[in-house]
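Below, each chain spelled out in residue letters.
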Amino acid sequence: MQIIVNAKPHEVAGGTVEAALQELGFASPAVATALNGSFVARSRRAETQLAEGDHLEVLAPMQGG
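Residues numbered from 1 in each chain as written. Predicted model: local features only at pLDDT ≥ 70, side-chain atom pairs only at ≥ 80, totals over all residues. Heavy atoms only, no water.

1. Describing the environment of Glu11
So, point 1. When you line up the elements, Glu11 lands in strand β2 (residues 8–11).
So, point 2. When residues no more than four places from it in sequence are discounted, the contact partners of Glu11 are Met1, Gln2 and Glu23.
So, point 3. At 3.1 Å, the side chain of Glu11 forms a polar contact with the backbone nitrogen of Met1. (Helix = DSSP H or I, 4+ residues; strand = E, 2+ residues; numbered from the N terminus. Contact = heavy atoms within 4.5 Å. Polar contact = N/O pair within 3.5 Å; in protein donor to acceptor, adjacent residues only side chain to side chain.)

2. Description of the confidence of the model for the chain
So, point 1. Here the chain averages 93 in pLDDT, and 95% of its residues register 70 or above.
So, point 2. Taken element by element, the chain is modelled with least confidence in helix α1 (residues 17–23), mean pLDDT 96, and with most confidence in strand β1 (residues 2–5), mean pLDDT 98. (pLDDT = per-residue confidence, 0-100.)

3. Thoughts on the pairing of β1
So, point 1. The alternating pattern of β1 places Ile3 and Val5 on a buried face, while none of Gln2 and Ile4, on the opposite face, is buried.
So, point 2. In this structure, β1 lies alongside β2, joined through 4 bridges in antiparallel fashion. By the bridge assignment, Ile4 is partnered in β2 with Pro9.
So, point 3. By the bridge criterion, 2 bridges tie β1 to strand β5 (residues 55–59) in an arrangement that is parallel. (Buried < 20%, exposed > 50% of the residue type's maximum accessible area, 1.4 Å probe, protein only. Pairing = 2+ DSSP bridges.)

Okay, structure coming up:
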């Protein structure tokens, strides 16, 4: 299905937020996620279903100074 991740279209096979994160290479547990503007807690990612056209935002901490 096609979803929008950080404002860019992506094709993903996984049907949950957790599956999409793994598929897209967001392996770090230290990321924050929002689906269609609503925060998704790490503990709920595996059960939060995705639908065609959903907007997923993924924020990861940056290193450096």
